[in-house]
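What follows is the residue order along each chain.
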Amino acid sequence: MKRDRAPTKVFGDDRGGVTVEAAVAVCGLVVVLALGVAAVMAVVGQLRCTDAAREAARLVARGDASRADGVVEAIAPQGARWAVHKEGDTAWVEVSVSRLGVELRARAYAVLEPGVADG
């Protein structure tokens, strides 16, 4: 008995197509996951900068500016920079850090206590 075989296509072979599509899809999912993790880390860094600025502004307003440096180092992300500015009876603290090419910055204001505003 003779079997008729269809001619084999050299360029039209679809074997392995699903594997390639799956590999591309997995690569896409990894990229999306990496971007999601980077976004979450940026939000966490921003929140840490905000908390550090708030606590430092509170300490400066109470007249305990010497402790503000330790508080910023403990709360803010590693490598954060901070600055204190006083104008009249108010003070504001700005904490900033660069993460993944994005500058995270937070600022907090406080009214100085009466004894601190005079000094």
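Above this note sits the structure.
Residues numbered from 1 in each chain as written. Predicted model: local features only at pLDDT ≥ 70, side-chain atom pairs only at ≥ 80, totals over all residues. Heavy atoms only, no water.

Engineer: Now, about the pattern of salt bridges: what can you tell me, with residues and values included?
Structural biologist: This model, assessed by the stated rule, comprises nine salt bridges. The closest approach of N and O atoms between D64 and R62, which form a salt bridge, is 3.8 Å. Residue D64 is joined to R67 by a salt bridge in which the shortest nitrogen-to-oxygen separation is 3.3 Å. Residue classification places D64 among the buried residues on the basis of a relative accessible area of 18%. Take R67: its relative accessible area is 47%, and that puts it in the partly exposed class. Linked through salt bridges whose partners overlap, the residues forming this network are R81, E94, E103, R105 and R107. (Salt bridge = Lys/Arg side-chain N within 4 Å of Asp/Glu carboxyl O. Buried < 20%, exposed > 50% of the residue type's maximum accessible area, 1.4 Å probe, protein only.)

Engineer: Before we move on, can you summarise a nonpolar patch on the surface with the specific residues and values?
Structural biologist: Together, L33, V37 and M41 give the surface a local cluster of nonpolar side chains, amounting to about 310 Å² of exposed area. Inspection of the secondary structure assignment puts V37 in helix 1 (residues 17–62). By relative accessible area, which is 47% here, V37 ends up partly exposed. (Patch = residues over 30% accessible without salt bridge, like charges linked within 9 Å, V, L, I, M, F, W, Y side chains within 5 Å. Areas by Shrake-Rupley, 256 points an atom, 1.4 Å probe, with all protein chains shown as cover. Helix = DSSP H or I, 4+ residues; strand = E, 2+ residues; numbered from the N terminus.)

Engineer: Let's hear about the packing of aromatic side chains: which residues, and what values?
Structural biologist: The geometry of an aromatic ring pair is captured by the separation of the ring centres together with the interplanar angle, meaning the angle of the planes. In total, this model carries one aromatic pair according to the counting rule given. For R107, the ring lying beneath its charged end belongs to W92, and the centroid distance is 4.1 Å. (Phe/Tyr/Trp six-rings, centres within 6.5 Å; stacked < 30°, edge-to-face > 60°. Lys NZ or Arg CZ within 6 Å of the ring centre and 35° of its normal.)

Engineer: So, the pairing of strand 3 (residues 102–111): which residues are in play, and what are the values?
Structural biologist: Here strand 2 (residues 90–99) runs beside strand 3; their pairing, made up of 10 bridges, is antiparallel. Its bridge partner being in strand 3, W92 is matched across the sheet by Y109. (Pairing = 2+ DSSP bridges.)

Engineer: I'd love a proper account of the packing of helix 1 against helix 2 (residues 65–75), names of residues and values included.
Structural biologist: In contact at an axis separation of 8 Å, helix 1 and helix 2 are set at 170° when each is read in the N-to-C sense. Looking at the two axes, helix 1 sits roughly antiparallel to helix 2. Taking contact as the criterion, the partners of R48, D51, A52, E55, A56, L59, V60 and R62 in helix 1 are, on helix 2, A65, R67, A68, V71, V72, A74 and I75. By residue class, the composition of the contact of helix 1 with helix 2 is 10 nonpolar, no polar and five charged. (Axes fitted to C-alpha atoms, helices over the stretch in contact; angles between N-to-C directions. Parallel < 35°, antiparallel > 145°, perpendicular 65-115°, else oblique. Contact = heavy atoms within 4.5 Å. Nonpolar A, V, L, I, M, F, W, Y, C, P; charged D, E, K, R; others polar.)

Engineer: Can you tell me about the environment of Q46, naming the residues and giving the values?
Structural biologist: Relative to the assigned elements, Q46 resides in helix 1. With a relative accessible area of 26%, Q46 lands in the partly exposed category. A polar side-chain atom of Q46 sits 2.9 Å from the main-chain carbonyl oxygen of R105. (Polar contact = N/O pair within 3.5 Å; in protein donor to acceptor, adjacent residues only side chain to side chain.)

Engineer: Requested: an account of the nonpolar core, with residues and values cited.
Structural biologist: By size, the foremost hydrophobic cluster in this structure holds 22 residues, and its most contacted members are C49, V60, V93, V95 and L112. For this core, the secondary structure elements donating two or more residues are helix 1, helix 2, strand 2 and strand 3. The biggest single contributor to this core is helix 1, with eight residues. Not counting residues up to four positions away in its chain, the partners in contact with V60 are A65, A68, V84, K86, A91, V93, L112 and V116. (Core = buried A, V, L, I, M, F, W, Y, C linked by side-chain atoms within 4.5 Å.)

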